[in-house]
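Residue-level structure breakdown
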Amino acid sequence: MSTDTTTDMRRALAAGMTGYLLWGISPLYFQTLGFASAVEIILHRVIWAVPLLMASLALSGKLRAALGVLADRRTLLTLLATSVLISINWWGFVFAVNTGHVLQASLGYYINPLMSVAVGVIILREPLGPWRIAAIALAALGVANQIITVGQVPWISLMLATTFTAYGYLRKVAAVDGRVGLLWETLFILPFAIVGLGWLQASGGGHFFETPLQAGLLMASGLITVVPLLLYTIGVRGLRLSTMGLLQFTAPSIQFAIGIMSGETFETGHMITFALIWSGVGCFAWSQMRRDRKLAAVEDAG
């Protein structure tokens, strides 16, 4: 492997890891927005993300590619559907953080890749294998334990995992650049965001004009949306998907730590739930590494 290739991989690894770290610590940012409702935060997130995304695409020379999506009706309809899914996912995450359910959010993003494996097998006919069967079974047992032992349906976790799994599948079908796709998703929601924030301000429920600090914090939601995505894009281009698949567990692990430090309820039943899910994640990670090694061996042999 050449020095340039190694340097590029290190940059990609640093970018991917930083993106996941930012997603991981994002609850700390959203907790500072406790003065606003989850809906208001999401509306601001959309409005301030649009100009940042357009600037990013302009600097990278991809605005023409973004406009080219207009000629593809199927892709537009797919991105319309993903805009709905990501809106629900964003709302669910912010709602979880601002109502003291960061642990449920963390659990959801641990379940997500395991749910994606199930979707890949059922819909895309991808190979399963014993380690992935174990991963899915352990995740199912974890959810069952949460319902039976803890006596709580982890609806936030399941909603976050389901919406993001469906979002990921449809975005794979759409096959557009991450920034281009997110731009169209936010553009679809933008009219509703403008009307919604206008109504909130007129009815006295908005917080943008309360203090400069609150206005700045709400505007920063655009950065929180766009910057991790840009870093993720750099990472996914320079690393194997299996490597990015393992890195993705960085974010829920940090969120888990934040939930614990915030004093959320974490008793024996919760511990068993997470232990089962973590075991499933371990099986998934091992299967990813095995597949990566086999692929590398085939490439070296070629």
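Further up the page is the structure itself.
Residues numbered from 1 in each chain as written. Predicted model: local features only at pLDDT ≥ 70, side-chain atom pairs only at ≥ 80, totals over all residues. Heavy atoms only, no water.

**Considerations on the overall build of the protein**
In terms of helices and strands, the protein carries 12 helices and 0 strands. Starting at the N terminus, the α and β elements of the protein follow one another as α-α-α-α-α-α-α-α-α-α-α-α. Taking 302 residues into account, the globule formula puts the C-alpha radius of gyration at 19 Å, and the protein, at 20 Å, falls close to it. Considering only C-alpha atoms, the protein reaches an extent of 60 × 50 × 40 Å along its principal axes. In the protein, which comprises 302 residues, the proportion classed as buried is 45%. Taking contacts inside the protein between residues at least 6 apart in sequence as the whole, the part at least 24 apart equals 85%. As displayed, the protein offers around 14700 Å² of accessible surface, 70% of which is attributable to carbon and sulfur atoms. For the protein, the separation between the mean place of its 18 positive charges and that of its 13 negative charges on side chains is 9 Å. (Helix = DSSP H or I, 4+ residues; strand = E, 2+ residues; numbered from the N terminus. Rg over C-alpha atoms; globule rule 2.2 N^0.38 Å. Buried < 20%, exposed > 50% of the residue type's maximum accessible area, 1.4 Å probe, protein only. Contact = heavy atoms within 4.5 Å. Areas by Shrake-Rupley, 256 points an atom, 1.4 Å probe, with all protein chains shown as cover. Lys, Arg positive; Asp, Glu negative; His and termini not counted. Charge placed at Lys NZ, Arg CZ, Asp CG, Glu CD.)

**What about helix α8 (residues 178-202)?**
Its 25 residues place the ends of α8 35 Å apart at the C-alpha level, agreeing with the 36 Å of an ideal helix rising 1.5 Å per residue. Its maximal kink placed at Leu190, α8 deviates by approximately 40°, while the proline Pro191 follows within four residues. Sitting at the head of α8, Asp177 places a side-chain oxygen 2.9 Å from the backbone nitrogen of Arg179. Following α8 by one or two positions, Gly204 has its phi on the positive side, about 85°. (Expected span 1.5 Å × (residues − 1). Bend = angle between axes of the 7 residues up to and from the residue. Polar contact = N/O pair within 3.5 Å; in protein donor to acceptor, adjacent residues only side chain to side chain.)

**Here's the deal with the packing of helix α4 (residues 73-98) against helix α5 (residues 102-122)**
Angle between the axes and distance between the axes are the two parameters that describe a pair of packed helices. Viewed as axis vectors pointing N to C, α4 and α5 meet at an angle of 140°, and their least axial separation amounts to 7 Å. Contacts between α4 and α5 pair Asn89, Phe93, Ala96 and Val97 from the former with Val102, Ala105 and Tyr109 from the latter. The residue inventory of the contact of α4 with α5, partitioned by class, reads 6 nonpolar, 1 polar and no charged. (Axes fitted to C-alpha atoms, helices over the stretch in contact; angles between N-to-C directions. Nonpolar A, V, L, I, M, F, W, Y, C, P; charged D, E, K, R; others polar.)

**Focus on helix α9 (residues 212-238)**
Helix length check: α9, at 27 residues, gives a terminal C-alpha distance of 40 Å against a target of 39 Å (1.5 Å per residue), a fit within 8%. Of the positions making up α9, those classed as buried are Gln214, Ala215, Leu218, Ser221, Gly222, Thr225, Val226, Pro228, Leu229, Leu231, Thr233 and Gly235.

**Some points on the nonpolar core**
Taken as a class, soluble globular proteins show a tendency for nonpolar side chains to be buried jointly. Within the largest apolar cluster, 48 residues are counted, with the highest numbers of intra-cluster contacts made by Phe30, Ile41, Phe93, Leu160 and Trp184. Contributing elements (two or more residues each) for this core: α1 (3-31), α2 (38-59), α4, α5, α7 (155-174), α8 and α9. Broken down by element, the residue count for this core peaks at 10 residues, all from α2. Once residues within four sequence positions are removed from consideration, Leu160 is found in contact with Asn89, Gly92, Phe93, Ala105 and Tyr109. Judged by nonpolar contacts, the second largest core, of 19 residues, contains Leu107, Leu114, Val117 and Phe274. (Core = buried A, V, L, I, M, F, W, Y, C linked by side-chain atoms within 4.5 Å.)

**Overview of a nonpolar patch on the surface**
The grouping of Leu22, Ile25, Leu28, Leu52, Leu223 and Val227 at the surface amounts to a nonpolar patch, some 440 Å² of accessible area in total. The biggest single contributor to the nonpolar patch is α1, with 3 residues. For Ile25, the location among the structural elements is in helix α1. (Patch = residues over 30% accessible without salt bridge, like charges linked within 9 Å, V, L, I, M, F, W, Y side chains within 5 Å. Salt bridge = Lys/Arg side-chain N within 4 Å of Asp/Glu carboxyl O.)

**Thoughts on the environment of Glu126**
Mapped onto the elements, Glu126 comes out in the loop between α5 and α6 (130-148). Here the alpha-carbon distance between Glu126 and Gly263, two residues 137 residues apart in the chain, equals 41 Å. Other than its neighbours up to four places away in sequence, Glu126 contacts Gly120, Val121 and Lys172.

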